Number of protein chains: 2
Amino acid sequence: MRAEIITIGDELLIGQVLDTNSTHISSMLDEIGVKTVRRQSIGDNCDEIKTALNLAKKNSSIIIITGGLGPTADDKTRDCLCEYFHDELVLNKDVLADIEHMLGLRSMTMTPRNADQAMVPSKSIAIRNTKGTAPGMYFSDETHVIVSLPGVPYEMEAMMKKFVLPELAKSYPVKSHLHRVVTTIGVSESGLADTLKDWENSLPDDVSLAYLPGAGMVKLRLSCYRADSQTEALMNKLVESLDPLIGKSVFTVNGETMEQVIARMLLSTHQNVAVAESCTGGSIAQLLTSVPGSSQWFRGGVVAYAENIKVAVLGVDENIIKTHGVVSEEVAISMASCAMNKFKSDWAISATGVAGPGGDSQKNPVGTVWAGIAGPGISYARKFNFFHNRARNISLATLFVVNELRKSMLKIK
Amino acid sequence: MRAEIITIGDELLIGQVLDTNSTHISSMLDEIGVKTVRRQSIGDNCDEIKTALNLAKKNSSIIIITGGLGPTADDKTRDCLCEYFHDELVLNKDVLADIEHMLGLRSMTMTPRNADQAMVPSKSIAIRNTKGTAPGMYFSDETHVIVSLPGVPYEMEAMMKKFVLPELAKSYPVKSHLHRVVTTIGVSESGLADTLKDWENSLPDDVSLAYLPGAGMVKLRLSCYRADSQTEALMNKLVESLDPLIGKSVFTVNGETMEQVIARMLLSTHQNVAVAESCTGGSIAQLLTSVPGSSQWFRGGVVAYAENIKVAVLGVDENIIKTHGVVSEEVAISMASCAMNKFKSDWAISATGVAGPGGDSQKNPVGTVWAGIAGPGISYARKFNFFHNRARNISLATLFVVNELRKSMLKIK
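Residues numbered from 1 in each chain as written. Chains lettered and ligands numbered in written order. Predicted model: local features only at pLDDT ≥ 70, side-chain atom pairs only at ≥ 80, totals over all residues. Heavy atoms only, no water.

Further remarks concern the interface of chain A and chain B. Opposite the 82 residues of chain A that make contact, chain B presents 82 residues. Contact between chain A and chain B buries roughly 6600 Å² in total, counting both sides, with carbon and sulfur atoms accounting for 55%. Here chain A is connected to chain B by two salt bridges. With a closest N to O distance of 2.7 Å, A:Asp194 and B:Arg113 form a salt bridge. Our count for the chain A to chain B interface comes out at 36 residue pairs in polar contact (both at pLDDT 80 or more). Among the elements that take part in the side of chain A that touches chain B, strand S2 (residues 35–42) of chain A stands out by supplying seven residues, more than any other. Broken down by class, the residue content of the side of chain A that touches chain B amounts to 33 nonpolar, 30 polar and 19 charged. Pairing of strand S14 (residues 298–304) of chain A with strand S14 (residues 298–304) of chain B involves five bridges; the strand directions are antiparallel. (Contact = heavy atoms within 4.5 Å. Buried area = accessible area lost by both parts, 1.4 Å probe. Salt bridge = Lys/Arg side-chain N within 4 Å of Asp/Glu carboxyl O. Polar contact = N/O pair within 3.5 Å; in protein donor to acceptor, adjacent residues only side chain to side chain. Helix = DSSP H or I, 4+ residues; strand = E, 2+ residues; numbered from the N terminus. Nonpolar A, V, L, I, M, F, W, Y, C, P; charged D, E, K, R; others polar. Pairing = 2+ DSSP bridges.)

All names here are of chain B. Relative to the assigned elements, leucine 222 resides in strand S11 (residues 217–224). Residue classification places leucine 222 among the buried residues on the basis of a relative accessible area of 2%. Not counting residues up to four positions away in its chain, the partners in contact with leucine 222 are Leu178, His179, Arg180, Trp199, Leu203, Val207, Ser208, Leu209, Met235, Leu238 and Val239. (Buried < 20%, exposed > 50% of the residue type's maximum accessible area, 1.4 Å probe, protein only.)

Residue and element names in this part refer to chain A. A full pass over the atoms with the stated rule returns 14 aromatic pairs over all chains. Ring geometry for phenylalanine 386 versus phenylalanine 400: centroids 5.7 Å apart, planes at 40 degrees, classification tilted. Here phenylalanine 386, found in the loop between strand S17 (378–385) and helix H17 (390–410), pairs with phenylalanine 400, found in helix H17; they are 14 residues apart in sequence, far enough to count as distant. Like phenylalanine 386, the residue phenylalanine 400 is buried in the burial classification. (Phe/Tyr/Trp six-rings, centres within 6.5 Å; stacked < 30°, edge-to-face > 60°.)

Before going further, it helps to examine the sheet that holds strand S12 (residues 250–252) of chain A. Residue and element names in this part refer to chain A. Read across the sheet, four strands follow the order S10-S11-S9-S12 without closing on themselves; strand pairing throughout is antiparallel. The strands lining the two open edges of the sheet, one partner per strand, are strand S10 (207–213) and S12. With direction set aside, neighbouring strand axes in the sheet form an average angle of 30 degrees. Here strand S9 (residues 178–185) runs beside S12; their pairing, made up of two bridges, is antiparallel. Its bridge partner being in S12, threonine 184 is matched across the sheet by valine 250. (Axes fitted to C-alpha atoms, helices over the stretch in contact; angles between N-to-C directions.)

Residues and elements named next belong to chain A. A complete count under the given rule lists 24 salt bridges over all chains for this structure. Note that glutamate 4 and arginine 38 form a salt bridge whose closest N and O atoms lie 3.6 Å from each other. Of the two residues, glutamate 4 sits in strand S1 (residues 2–8) while arginine 38 sits in strand S2, which places them 34 residues apart along the sequence. Judged by relative accessible area, glutamate 4 falls into the buried class, the value being 0%. The class for arginine 38 is buried, based on a relative accessible area of 4%. One connected set of salt bridges, linked through shared partners, spans Arg78, Asp79 and Asp116.

Residues and elements named next belong to chain A. In this structure, proline 357 follows glycine 356 across a cis peptide bond, with omega equal to 0 degrees. Mapped onto the elements of the fold, proline 357 is located in the loop between strand S15 (347–353) and strand S16 (368–375). Even without glycine at this site, lysine 411 takes up a positive phi of about 55 degrees. Structurally, lysine 411 is set in the segment after H17. Its relative accessible area of 74% is what places lysine 411 among the exposed residues.

Here we take up the packing of helix H3 (residues 46–59) of chain B against helix H4 (residues 77–84) of chain B. Residue and element names in this part refer to chain B. At a minimum axis separation of 10 Å, H3 and H4 run at an interaxial angle of 60 degrees. Taken together, the axes of H3 and H4 are oblique relative to one another. Considering the relative orientation of H3 and H4, their crossing is right-handed. Contact residues: Cys46, Ile49, Lys50, Leu53, Asn54 and Lys57 in H3; Thr77, Cys80, Leu81, Glu83 and Tyr84 in H4. (Parallel < 35°, antiparallel > 145°, perpendicular 65-115°, else oblique. Left-handed = near helix turned anticlockwise from the far one by under 90°.)

The structure is reproduced here in structure tokens:
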């Protein structure tokens, strides 16, 4: 079963808005065994919409469109689809009631602009929108399903999950398949590929391997589009066979993020953590608290950005800073142990470094970061050199400092 | 001048990796007056690459491809392009030297896999890569320029800026154009559209308006593809004419982010800020410190996640929490004033609320957030209700708390 995604919006083509919808829809389709074969992004222009639809129809039986359904004049998708299907707009009373309800929640009154959104092509099923005012449209015939959804990501997501995916599952027999993702940290793509060369060559023919490099991490994705009872056991065996080869670099074999791994580990040991951040500026705390329920294991943190804050708020000894400089092993260790004391936590992690673009007074190069760790009987710091721009140095520092906590908890050197 | 972007990678089509390259390239091309008319994402498959190229060549004279240049077997782009152009691979010694240098920096030695990356199609100009090992390729004839770049975003970016954009500017006369972006906060797209109806109808024919809704913000983008001396003055006049209509909701007319606005304001008044965060978990500090040079105006912050940390680390009076509950006006005000004292800052902002998915003991609905502000003669809190999921509640709270600081500094109610 093949699908094509078309995202519509001038803002996508001038690069002002990141297209997260294509990625999200691909991933939702993949979960029900539908393979996305192409994604197109085009402008708010009826001719281009029709061309894209004709192209997509040649390759795929499922076409998901997002965008261009807003209430303003630059949105053309609904009227264009109406034309494409030689259809006419009719009032949908359920949708009108939805819009009234939605506006009521926000203490707003119905305007003609809002009411017009309840006009839906007669040949389509209107997809109700519980998060916004624009309904979606579901057109289907013997050969194709064509779905149009709003471009607002959380509206699109809700409508995919509530209506489109269940509806597709009804119309099409879903072919089973399996992906497994093994995530490594701190090794390069080509280093991994060299280590895994023989292993890769010995993979069964219907299993494919892809290397997905990301910031500081490389994911290995094993895919098997096959629907028999042995598939899962085979994939488990393949994942296990990686352990002796690259086990030390792997931090999850089930698609967890680094912060989810930390959450799971701390929950299972009934421990908690605090953070003391300088160059990462709150990014470590933000990453850890992005996990729902993190209040069970995250105590809090200090962002000691100005130098004297490290002394005044965190309690680092002024002489340590004077002697060793603010970006140093000693200060990283002291920040972590001060955080552990202040927050009465089981573990504490710290980061002090030079995110850039400016350097520091001790002439450490941009990208130098010391990670400090304090825990039960543990106190040390490790130096990293990232050599990137500010945003990337901060996100890499965040990831590697948190990884250092993971390694300490597992007693991995 | 029309361009098409093709991003290649199976990982894009199963939704595991967000395609930021398309957006970034569109935006870079837009800056030199090249209009992106379509973007395609396809898998690592030579037939699909050829189909995409043939399609793109019909519409556009510039085609930028990213992805599929890695050293591993799943990467097919170079060999496919070689086939497409009936070309052969030849060793490029400069590229080989680049790779050696790059590996040296990382204390790695050359493997056959690395060396193979120095083989480049003879008909292309090799684009040197200063951030990684895979070179790019630049093919050009009388009608088309076809460029292939690595998928790693910062490698692609450096090669676009250093080689591709200057090269395109040489080959093609760049047509001038102008975009202006006016960013509003706290008003809905349809509300704005209603307010601006007459204004929009009176726009000159060659100026187009688009509404770009985002999280908590709506951007208005005015575009004028015209190259005469009056264009800039016209656009300035149009932007100014918005002020009496929606001035209170506009926080920038020159594309700044909220954090850049705050940075500019604090720098110009020689003031600084500290933060005390609960439900936002470090996200406010992270947003503010994402601005280069933020150490000049950001003192630091406390992430007081566990309830007793608000008392023990931040210094909030325990009785205020007991009497009013942790998610309350009083606690938000106290958190801000404690942060101002502790960090000796001119301003302090705080957030306490329920990010979700779980509720709080006082039965505040998920999405309830109190923003506290303390500053010169100022101390108050404002309540927000976001009613979204955890990630969105946190990011909206972050934005609106920081906006409250902006409003306080400007004395806007």
